[in-house]
Amino acid sequence: MKHDFEPKIVAFVCTWCTYAGADLAGTSRMLYPSNVRVVKFPCTGRIDPVFILKAFQKGADGILVSGCHPGDCHYMAGNFHARRRFAVFRKLLEFIGVDLNRLEFSWVSAAEGGKWVEIVTELTEKIRSMGPLTQFTDLNDEEQWSGALSNPELKAVYDQV
Amino acid sequence: MKSTGKPEPTVTIDTSGYAVATEEIRSEAKRLLLEKIVDAVVGYQSGRRKGSAVPVIITDPAQAEQLVFSPACVNNLSIYLTKAKKEIRAKGKLAVVAKGCDLRALAGLMGESQFKREEVVIIGVTCAGVHSAGVQPNEPLTSATIAKKCRECSVHIPEGADLIVGKLPLLPDLTPTEKELLEKLDAMTPGERWEYWKEQFTRCIRCLACRQVCPFCYCEQCLCDRGRPQAVDTSPRPSGNMGWHIVRAMHLAGRCSGCAECERVCPMDIPLNLLNRKMAQELKELYQYEAGLTPQEKGPLTSYDEKDDQSFIK
């Protein structure tokens, strides 16, 4: 089926659980939207909030962060630290004015190929219905305050020059 | 930022205690240096403009007479005690003059192992408030010239300092303008908030004074200065500005002690402390953590609890 809008979804996943889970989905021949771009990290604890920001700025429409279930972390506590960090980061983004529906978090273990398919499909469809995210990319094209001639007096001077 | 209510009448704030504090700071600094308890004292001295005050580091007991305390003593001197300030640390044991808000920053820095409590003598000053940014230094302290953070100060008396000097006058009730603005923003829709912050951050000229003045921004290499990989665009344009301010707020979450120095030094008047306050508020709600109350080795984002809320995770 053809759609008008194919969202770009970036998934930041941990190599031990979610990446293996996604792999399982693949080897089990399960179908899931190819909109998702998987970026593999050693652990969810390695995923810096800056990566999310950067992905949004570079044109991602939705972001998924996924790792091991609590207690299953290969490095003992990486996902616990990540959980706190992202809980706080979500609040910050919310305060800045970003729609949190575009940012999703999940725990997907190496055995949960089905859950991975479900989450990715659901997120893709949700973002598709929301349309592209232009908040961040619009900023790339915007000029600095000094460049904008919002002031009529400035504009007059500018035209004279 | 204007208060939502009707304009309040200007009230003068009694600063008679500041002269007492000045005398006591001088005698204490002199004693500490004479008895060789400390090698240097970090305090304030009069600046060249009438009534102004600038940070100073004295090593000679005779210089103690230079020290002052006035409403113009706006700086947070705790920044001089971080490990990043190598030339100051090399002087030996230090004493520092600290207001209540500065003391919270000192507690935070101790928690982050920037220095040990026994290495520093803290001269706490009871403070009724200091000037806001852009006020002429010789103006009297009134409800019109007082800093926003001082309007809702909860640490007039620096509990936990080695010595507390000065005395607290009767304080007038001031409207908490910052709290009101925060509530206003919280009530907005995400789209309106985005417009608000976009407008604020678009003004940013990326002078990085907020980073320079922050006691907690002591990293030798800032993530935002790195070129490869570049996390945040370094040019002062809206996109990079948004990135910088989000990263800044995130890195200070759970650490910021609310001294509002970032906001004071901002040449473009961006309400930076609002972000810090919001993060502090969220951390208090989520993890019952308040920065700067006592030196704590583990902050909320460097520790975890297995029972933390994960309702936002699928």
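Residues numbered from 1 in each chain as written. Chains lettered and ligands numbered in written order. Predicted model: local features only at pLDDT ≥ 70, side-chain atom pairs only at ≥ 80, totals over all residues.

With that out of the way, let us pick up the sheet that holds strand E2 (residues 53-58) of chain B. Residue and element names in this part refer to chain B. What the 5 strands build is an open sheet, ordered E2-E1-E3-E4-E5; its pairing is mixed. Of all the strands in the sheet, just E2 and strand E5 (163-165) have a single pairing partner and so form its edges. Sheet twist, expressed as the mean angle between neighbouring strand axes with direction ignored, is 30 degrees. Inspection of the sheet shows strand E1 (residues 40-46) paired to strand E3 (residues 94-98) by 3 bridges, in the parallel sense. Each residue of the ladder has a partner; that of Ala-40, found in E3, is Leu-94. (Pairing = 2+ DSSP bridges. Helix = DSSP H or I, 4+ residues; strand = E, 2+ residues; numbered from the N terminus. Axes fitted to C-alpha atoms, helices over the stretch in contact; angles between N-to-C directions.)

Right, let's talk about the packing of helix H3 (residues 78-96) of chain A against helix H10 (residues 272-287) of chain B for a bit. Interaxial distance between H3 of chain A and H10 of chain B falls to 10 Å at its minimum, and their mutual angle equals 140 degrees. Viewed along their axes, H3 of chain A and H10 of chain B adopt a mutual orientation that is oblique. Judged by the sense of rotation from one axis to the other, the crossing of H3 of chain A with H10 of chain B is right-handed. Taking contact as the criterion, the partners of Ala-87, Val-88, Lys-91, Leu-92 and Phe-95 of chain A in H3 of chain A are, on H10 of chain B, Lys-278, Met-279, Glu-282, Leu-283 and Leu-286 of chain B. When its residues are assigned to classes, the contact of H3 of chain A with H10 of chain B shows 7 nonpolar, no polar and 3 charged. (Parallel < 35°, antiparallel > 145°, perpendicular 65-115°, else oblique. Left-handed = near helix turned anticlockwise from the far one by under 90°. Contact = placed C-beta atoms within 7 Å. Nonpolar A, V, L, I, M, F, W, Y, C, P; charged D, E, K, R; others polar.)

Attention shifts here to the packing of H3 of chain A against helix H8 (residues 238-252) of chain B. Where H3 of chain A contacts H8 of chain B, the axes come no closer than 10 Å and their chain directions differ by 140 degrees. One way to sum up the angle between H3 of chain A and H8 of chain B is to call them oblique. H8 of chain B is crossed by H3 of chain A, and the crossing has right-handed handedness. From H3 of chain A, Phe-89, Leu-92 and Ile-96 of chain A reach across to H8 of chain B, where they touch Ile-246, Ala-249 and Met-250 of chain B.

Next up on the list: the domain arrangement of chain B. All names here are of chain B. Domain boundaries in chain B define domain 1 (17-165) and domain 2 (177-287). Relative to domain 2, the C-alpha centre of domain 1 lies at a distance of 25 Å. Tallying the contact residues gives 20 residues for domain 1 and 16 residues for domain 2. If you list the elements that add at least two residues to the side of domain 1 that touches domain 2, you get helix H3 (100-111) and helix H4 (148-151). No other element matches the 6 residues that H3 contributes to the side of domain 1 that touches domain 2. A breakdown of the residues in the side of domain 1 that touches domain 2 according to their chemical character gives 8 nonpolar, 5 polar and 7 charged. (Domains from an automatic or database assignment.)

What links the strands of a sheet is backbone hydrogen bonding, and the strands pair in either a parallel or an antiparallel sense. Residues and elements named next belong to chain A. On the basis of which strands lie adjacent, the open sheet formed by 4 strands has the order E2-E1-E3-E4 and parallel pairing. Among the strands making up the open sheet, the edge pair consists of strand E2 (36-41) and strand E4 (103-107). Taking each pair of neighbouring strands and ignoring which way they run, the sheet shows an average axis angle of 20 degrees. With 5 bridges joining them, strand E3 (residues 62-67) and E4 adopt parallel strand pairing. Bridge pairing in E4 places Ser-66 opposite Ser-106.

This part covers the interface of chain A and chain B. In this complex, chain A contributes 35 residues to the contact, which on the side of chain B involves 35 residues. Residue assignment for the side of chain A that touches chain B shows that the elements contributing at least two residues are helix H2 (49-57), H3, E4 and helix H5 (135-141) of chain A. In terms of residues, the side of chain A that touches chain B owes the most to one element, H3 of chain A, which gives 14 residues.

The next point concerns unusual backbone geometry. Between Arg-228 of chain B and Pro-229 of chain B the backbone carries a cis peptide bond, its omega angle lying at 0 degrees. Note that Pro-229 of chain B resides in the loop between helix H7 (209-213) and H8. One non-glycine residue, Met-76 of chain A, lies in the positive phi region at around 70 degrees. Although it is not a glycine, Asp-269 of chain B adopts a positive phi angle of roughly 55 degrees. Mapped onto the elements of the fold, Asp-269 of chain B is located in the loop between helix H9 (261-265) and H10. Owing to 12 C-beta atoms within 10 Å, Asp-269 of chain B belongs among the exposed residues under this scheme. (Buried ≥ 20, exposed ≤ 12 C-beta atoms within 10 Å, placed from the backbone.)

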